[in-house]
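Geometric and topological summary
As a plain string of letters, each chain reads:
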Amino acid sequence: MSTILLGIGLVLVIEGLVFALAPSRLDDLVAMMAAMTRDQRRLIGLVALALGVLLVWLSGARL
């Protein structure tokens, strides 16, 4: 359970940094995402998912 809380906390820290340090860039990113097709967004999500799973596996985390 503590590993899950750690993971969620780290995600929130990184996302909070984006909102705090580069809010105008975030507006640009949202506009770019809106211009993409649904399939392009899905592909980006699947690649991010696969990369995340790979990083967790490489870390040797014992879940």
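Computed from a predicted structure; not experimentally measured.

1. Regarding the overall build of the protein
Tallying secondary structure elements over the protein gives three helices and zero strands in all. Here the C-alpha radius of gyration of the protein, 15 Å, is well above what a compact globule of 63 residues would show, namely 11 Å. Considered along the principal axes of its C-alpha atoms, the protein spans approximately 40 × 30 × 15 Å. Counting across all 63 residues of the protein, residues that qualify as buried make up 2%. For the protein, the exposed area adds up to about 5700 Å²; of that, 73% sits on carbon and sulfur atoms. Of the charged side chains in the protein, 5 are positive and 4 negative; the average position of the first set lies 10 Å away from that of the second.

2. Some remarks on the pattern of salt bridges
Working definition: two side chains of opposite charge can pair if their charged atoms are close together. Counted by the stated rule, this structure contains one salt bridge. The shortest N-O distance in the salt bridge between Arg 42 and Asp 39 comes to 3.4 Å. Remark: Asp 39 and Arg 42 occur in helix α3 (residues 38-59); sequence separation between them is three residues, near one turn of the helix. Judged by its relative accessible area of 49%, Arg 42 is partly exposed. For Asp 39, a relative accessible area of 56% puts it in the exposed group.

The rules behind the values
- Residues numbered from 1 in each chain as written.
- Predicted model: local features only at pLDDT ≥ 70, side-chain atom pairs only at ≥ 80, totals over all residues.
- Heavy atoms only, no water.
- Helix = DSSP H or I, 4+ residues; strand = E, 2+ residues; numbered from the N terminus.
- Rg over C-alpha atoms; globule rule 2.2 N^0.38 Å.
- Buried < 20%, exposed > 50% of the residue type's maximum accessible area, 1.4 Å probe, protein only.
- Areas by Shrake-Rupley, 256 points an atom, 1.4 Å probe, with all protein chains shown as cover.
- Lys, Arg positive; Asp, Glu negative; His and termini not counted.
- Charge placed at Lys NZ, Arg CZ, Asp CG, Glu CD.
- Salt bridge = Lys/Arg side-chain N within 4 Å of Asp/Glu carboxyl O.

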